[in-house]
Structure formats: structure tokens, C-alpha cells
Amino acid sequence: MEGGGAMGVESGSRVLVIEDETRVARFLTGTLDDEGCSVLIAEDGDVGLFLATSEPFDFVVLDTMVPGLSALGVLRAVRAARPELPVIVLTPDGDPQLRRQYTEAGASRLLPRPLVLADFRSAVREQLDGNRS
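Predicted model, so just to flag it, every value in this text is computed and none were measured.

## Observations regarding the nonpolar core
Soluble globular proteins tend to pack their nonpolar side chains together in the buried interior. Membership of the largest hydrophobic core comes to 24 residues, with the highest contact counts inside it found for Leu16, Ile18, Val60, Leu62, Leu75, Val89 and Tyr102. At the level of secondary structure, the elements contributing two or more residues to this core comprise strand S2 (14-18), strand S3 (38-42), helix H2 (45-54), strand S4 (59-63), helix H3 (71-81), strand S5 (87-92) and helix H4 (96-104). Per-element accounting of this core gives the leading share, five residues, to H3. Ranked by size, the runner-up nonpolar core spans 18 residues in total, among them Val17, Leu32, Cys37 and Leu128.

## Regarding the packing of H2 against H3
At a closest axis distance of 10 Å, the pairing of H2 and H3 adopts a crossing angle of 15°. By the criterion of interaxial angle, the relationship of H2 to H3 is roughly parallel. Crossing of H2 against H3: the hand is right-handed. Each of Gly45, Leu49, Ala52 and Thr53 in H2 lies in contact with H3, whose residues at this interface are Val74, Ala77, Val78 and Ala81. Looking at the contact of H2 with H3 residue by residue, the classes come out as six nonpolar, two polar and no charged.

## Describing the pairing of strand S6 (residues 109-113)
As paired strands, S5 and S6 are joined by five bridges and run parallel to one another. Within the sheet, the bridge partner assigned to proline 92 lies in S6 and is arginine 113. For the crossover that starts at S5, traverses H4 and ends in the parallel S6, the hand is right-handed.

## Things to note about the pattern of salt bridges
Summed over the entire model, instances satisfying the criterion amount to ten salt bridges. In this structure, arginine 23 engages glutamate 21 in a salt bridge whose closest nitrogen and oxygen atoms are separated by 3.8 Å. Overall, arginine 23 belongs to the exposed group, its relative accessible area being 63%. Glutamate 21 is the salt-bridge partner of arginine 113, the closest N and O atoms lying 3.6 Å from each other. A residue pair is termed long-range when its members are at least 10 positions apart, and arginine 113 in strand S6 and glutamate 21 in the loop between S2 and helix H1 (22-34) qualify at 92 residues. For glutamate 21, a relative accessible area of 32% puts it in the partly exposed group. Within this structure, Glu19, Glu21, Arg23, Asp63 and Arg113 form a network of salt bridges that share partners.

Conventions we followed
- Residues numbered from 1 in each chain as written.
- Predicted model: local features only at pLDDT ≥ 70, side-chain atom pairs only at ≥ 80, totals over all residues.
- Heavy atoms only, no water.
- Core = buried A, V, L, I, M, F, W, Y, C linked by side-chain atoms within 4.5 Å.
- Buried < 20%, exposed > 50% of the residue type's maximum accessible area, 1.4 Å probe, protein only.
- Helix = DSSP H or I, 4+ residues; strand = E, 2+ residues; numbered from the N terminus.
- Axes fitted to C-alpha atoms, helices over the stretch in contact; angles between N-to-C directions.
- Parallel < 35°, antiparallel > 145°, perpendicular 65-115°, else oblique.
- Left-handed = near helix turned anticlockwise from the far one by under 90°.
- Contact = heavy atoms within 4.5 Å.
- Nonpolar A, V, L, I, M, F, W, Y, C, P; charged D, E, K, R; others polar.
- Pairing = 2+ DSSP bridges.
- Right-handed = clockwise from strand over helix to strand, strands pointing away.
- Salt bridge = Lys/Arg side-chain N within 4 Å of Asp/Glu carboxyl O.

Printed below as a string of C-alpha cells:
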């Protein structure tokens, strides 16, 4: 996971994680892998947007603090190109204006950071259950 690249883990449903913090990306990947997902990680907004709009994913997990294209820019561009693609956004806790911006831009679900594992698992399972329907 260097230089804005991507790395994958083979499994079931495909999930794109757009997150530049290695520790957080590993945590998210481990949790998604436990749920049977195949994970691809993008370390910046530009790579994340390219992958989200050029490869098939069941959903995206997007952190609001990524280098390159802003997370809000990524979300808006993904909504324009692939309106059906669910995007779970990890937002700083306690910023209602920021949360409102992401909701209005089309976030499928907002999860506050620091991330609570049970909440993240619930959001993932909700997306996985929706994809099986």
C-alpha cells in the first residue's frame, strides 16, 4: 500500500476502501475479510475515484480525510457515474455541517470516527444483505 496504489485480498463481495492511514486500512480490511469480502484499498481520492468508476464493486468505504481529490469530490463523482453504488462514509464525530454535506452528496451511510467495530460490522452486513436481495 504505497504511493497511492492499491492492494487486494481475494474473497466474495468486492469492496473498495479509500483510506490513506495504513493502520485504519488494515483494520477495515480485516473486518471486511471476516465478513467474506474481497477488498481493494486506494490510498488517495484520485485512485479511489478511478477504481470506483472503472471496476465492479458491491460498495465503497470512504474516509473523509484522504489526499488528492477530496472525499466529497470522490463521493459526488461516484454518484454522477454510478448512482447505484453504495458509499459508506467515515466522518469525524461531532461535525453536523460536514455530515450534512456528505448526506446531501449521496452517502449511503455515515459512520463517525473513531469507528466503533459493531457499527462498522452492522453497516457492512446491511450492504451485503442488500446485495444478496
